[in-house]
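What the coordinates show
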Amino acid sequence: MSRVIAVTNQKGGVGKTTSAVNLAAGLAQSGQRVLLVDLDPQGNATMGSGVDKHALGRSVYHLLLGHAELDDVKAATEHGYDVLPANRELGGAEVELIELERRELRLREALVKVRSQYDFVLIDCPPALNLLTVNGLAAADGVIIPMQCEYYALEGLTDLVNTLRRVRQALNPKIEIDGLLRTLYDPRSTLAQQVVAQLEQHFGDKVFKTVIPRNIRLAEAPSYGRPIFAYDKSSRGALAYLELAAELIKRFPGK
Ligand code: ADP
Ligand code: MG
């Protein structure tokens, strides 16, 4: 069985996509079978995996609306994992889904058939608590929450924890927090250290030991359509995501 993990935070720019792509690649490098689902109409995880979002025949949009089968949407990347790609068309799904039955469960139901083919399914959520994100949360066994260690991060986290509580009640009783991931981390910041202390106090070992440093190579890699390992595999960013992959594999040995 696979572990389906939504990478989520309603705040933009906290490193969701960077983490989803590089964790997918890091897990693949570590011998895991991985599917990355791009649930963001921006299509950054798609492009960052080297798949051209402008040239898609079928995308996650068609999958959610029931106009395509998963096998027709799925693309193999050059980096050892598969992707369900997205582009701006997915933005329209938000409105079109409202008319449909079981609108929150579309992704979950689409993934059921392929779960046995993967060890990890990672879902890159958009920066909003919309119907797309709800589809991601309904489909997931757990969430990874990337966060920048700044003052407002804790406030955002409270909102997210409340959302998870509602999703648990209404749609997906089993969803768990698999881990809080400190991203864009600057160890020299005293504020960041204070936020980390509070995080550890509230969430204990739900905070990943691995910290993702601020690393320019991580920001550069997507413009080449590559995960960090195909761009600069000895960078601090690459080592951090490989370490995160190892931490996750250890946390879910039997999935
Ligand atoms: P989100 O998906 O949460 O909106 P992104 O992963 O797109 O966030 O990251 C936002 C911006 O920050 C992007 O330009 C990305 O390249 C950059 N970035 C993300 N993580 C890092 C990091 N650890 N070091 C440096 N830049 C980063
Ligand atoms: Mg993103």
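Residues numbered from 1 in each chain as written. Chains lettered and ligands numbered in written order. Predicted model: local features only at pLDDT ≥ 70, side-chain atom pairs only at ≥ 80, totals over all residues. Heavy atoms only, no water.

Concerning the packing of aromatic side chains
To keep things clear, this is the line we draw: When two rings of Phe, Tyr or Trp (its six-membered ring) have centres within 6.5 Å they constitute a pair, described as stacked for plane angles under 30 degrees, edge-to-face for angles over 60, and tilted for the intermediate range.
Here the structure, examined in full by the defined rule, presents two aromatic pairs. Ring centres of Tyr 224 and Tyr 231 lie 5.0 Å apart, and the angle between their planes is 25 degrees; on these two criteria the pair is classed as stacked.

What about the packing of helix H8 (residues 151–170) against helix H9 (residues 190–203)?
Selection rule: Between N-to-C directions, angles cover 0 to 180 degrees, with each direction set by a line fitted to C-alpha atoms, over the stretch in contact for helices. What counts as a helix is a DSSP run of H or I of at least four residues, what counts as a strand is a run of E of at least two, and both are numbered from the N terminus. When an angle is under 35 degrees it counts as roughly parallel; over 145 it counts as roughly antiparallel; between 65 and 115 it counts as roughly perpendicular; any other value is oblique. Any two residues having at least one pair of non-hydrogen atoms within 4.5 Å are treated as being in contact. Basically, the charged four are Asp, Glu, Lys and Arg, the nonpolar ten are Ala, Val, Leu, Ile, Met, Phe, Trp, Tyr, Cys and Pro, and anything else, Gly included, counts as polar.
Running from amino to carboxyl end, H8 crosses H9 at an angle of 25 degrees, the nearest separation of the two axes being 9 Å. One element, H8, and the other, H9, form an angle in the roughly parallel class. Two secondary-structure elements touch here, H8 through Tyr 151, Leu 154, Leu 157 and Val 161 and H9 through Leu 191, Val 195, Gln 198, Leu 199 and Phe 203. Partitioned by chemical class, the residues of the contact of H8 with H9 number eight nonpolar, one polar and no charged.

Focus: the sheet that holds strand S1 (residues 3–7)
Under the convention used in this document: At least two DSSP bridges between two strands are required for those strands to pair.
Within the open sheet, the eight strands sit side by side as S3-S4-S2-S5-S1-S6-S7-S8. Their pairing is mixed. Across the chains shown, the open sheet's two edge strands, defined by having one partner strand only, are strand S3 (75–76) and strand S8 (207–213). When strand S2 (residues 34–38) meets strand S4 (residues 82–84), the two strands line up parallel, connected through three bridges. Bridge pairing in S4 links Leu 35 to Asp 82. Where helix H7 (residues 131–139) meets the sheet, its contacts fall on S1, strand S5 (120–124) and strand S6 (142–148), and the angle it forms with S1 comes to roughly 150 degrees. This element, H9, spans S6, strand S7 (176–185) and S8 of the sheet and lies at about 175 degrees to S7.

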